[in-house]
Amino acid sequence: MDRILKFYDRMVALVSNCKLQNLTLLFTRIVLAGVFWRSGRTKVDEGSWFSISDNTYFLFQEEYKGVPLPSDLAAVMATVSEHLFPILLVLGLFTRLSALALLGMTLVIQIFVYPEAWWQVHSLWVAMALVLIVRGGGSISLDAPLVRRRAA
């Protein structure tokens, strides 16, 4: 039993390595950003950078009508958020704020749009966002030099 515990302790030390943690935070930022970025790209006209499609406005009027905001405003807010916050996450700039914003979006989607999707999808998004809110972007982020600069 002692050998098992020693092996376990060595494995914990290995995965607790600072470099590995920072790579894990980078990977988490990219994965969460990818989910929302891809969703945001479906909301704009094909071939455009940021022209919100008529289909998006229709979806917010009909399928997403449970969201307690005017549908036109909700469509714009969702589209902007799904483009802005993923970019910030990938850069690691204002990571905690960006993850908090995407956590809020996830909760709105969960509560008002697709309440049946908790275990299949939304719980994973929430877990990733919470990790980033608690841990931040790590040293492989633009947040890191900002933190060092403020500390100096």
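Because the structure is a prediction, the values reported are computed rather than measured. (Residues numbered from 1 in each chain as written. Predicted model: local features only at pLDDT ≥ 70, side-chain atom pairs only at ≥ 80, totals over all residues. Heavy atoms only, no water.)

Caption draft 1: Spotlight on the layout of surface pockets. Taken as a whole, the largest pocket encloses approximately 510 Å³ of empty space. Lining the largest pocket we find 25 residues, and of these Phe60, Ala78, Glu82, Met105 and Ile109 sit closest to its centre. At the level of elements, α2 (18-41), α3 (54-61), α4 (71-91) and α5 (95-113) are the ones that each hand at least two residues to the lining of the largest pocket. The space that makes up the second largest pocket amounts to roughly 230 Å³. Taken together, 13 residues make up the lining of the second largest pocket; nearest its centre are Arg96, Asp143, Ala144, Leu146 and Val147. (1 Å grid on protein atoms, 1.4 Å probe; cavity = no way out; pocket = protein on both sides within 12 Å on 5 of 7 lines; lining within 4 Å. Points joined across faces, edges and corners; volume = space filled by probe spheres on them. Helix = DSSP H or I, 4+ residues; strand = E, 2+ residues; numbered from the N terminus.)

Caption draft 2: Summary view of the UniProt feature "transmembrane region" (unreviewed entry) in the protein chain. The positions that UniProt labels "transmembrane region" (unreviewed entry) are, in the present scheme, residues 87-112 and 124-147. Helix makes up 88% of residues 87-112 and strand 0%, and the two end C-alpha atoms of the span are 25 Å apart. In this annotation, residues 124-147 is assigned 71% helix and 0% strand; the end-to-end C-alpha distance for the span is 28 Å. (UniProt positions renumbered as here; feature names shortened; annotations may be inferred.)

Caption draft 3: Focus on the environment of alanine 75. Position of alanine 75 among the secondary structure elements: in helix α4. Ignoring anything within four residues of it in the chain, the contact list for alanine 75 reads Ile52, Thr56, Tyr57 and Phe60. (Contact = heavy atoms within 4.5 Å.)

Caption draft 4: Layout of the packing of aromatic side chains. Across all of its chains, the model carries five aromatic pairs by this definition. Look at tryptophan 37 and tryptophan 49: their rings are 5.8 Å apart centre to centre, the planes differ by 45°, and that puts the pair in the tilted class. Of this pair, tryptophan 37 sits in helix α2 while tryptophan 49 is found in the loop between α2 and α3, placing the two residues 12 residues apart along the sequence. A residue is classified by how much of its surface remains accessible, and tryptophan 37, at 26% relative accessible area, is partly exposed. Their ring planes at 80° and their centres at 6.2 Å tell us that tyrosine 64 and tyrosine 114 sit as a pair that is edge-to-face. With tyrosine 64 in the loop between α3 and α4 and tyrosine 114 in the loop between α5 and α6 (118-135), the pair connects residues that are 50 residues apart, well separated along the chain. The exposure class of tyrosine 114 is partly exposed, given its relative accessible area of 28%. Each residue in the set Phe60, Tyr64 and Tyr114 is aromatic and connected to the rest through ring pairs, giving one cluster. (Phe/Tyr/Trp six-rings, centres within 6.5 Å; stacked < 30°, edge-to-face > 60°. Buried < 20%, exposed > 50% of the residue type's maximum accessible area, 1.4 Å probe, protein only.)

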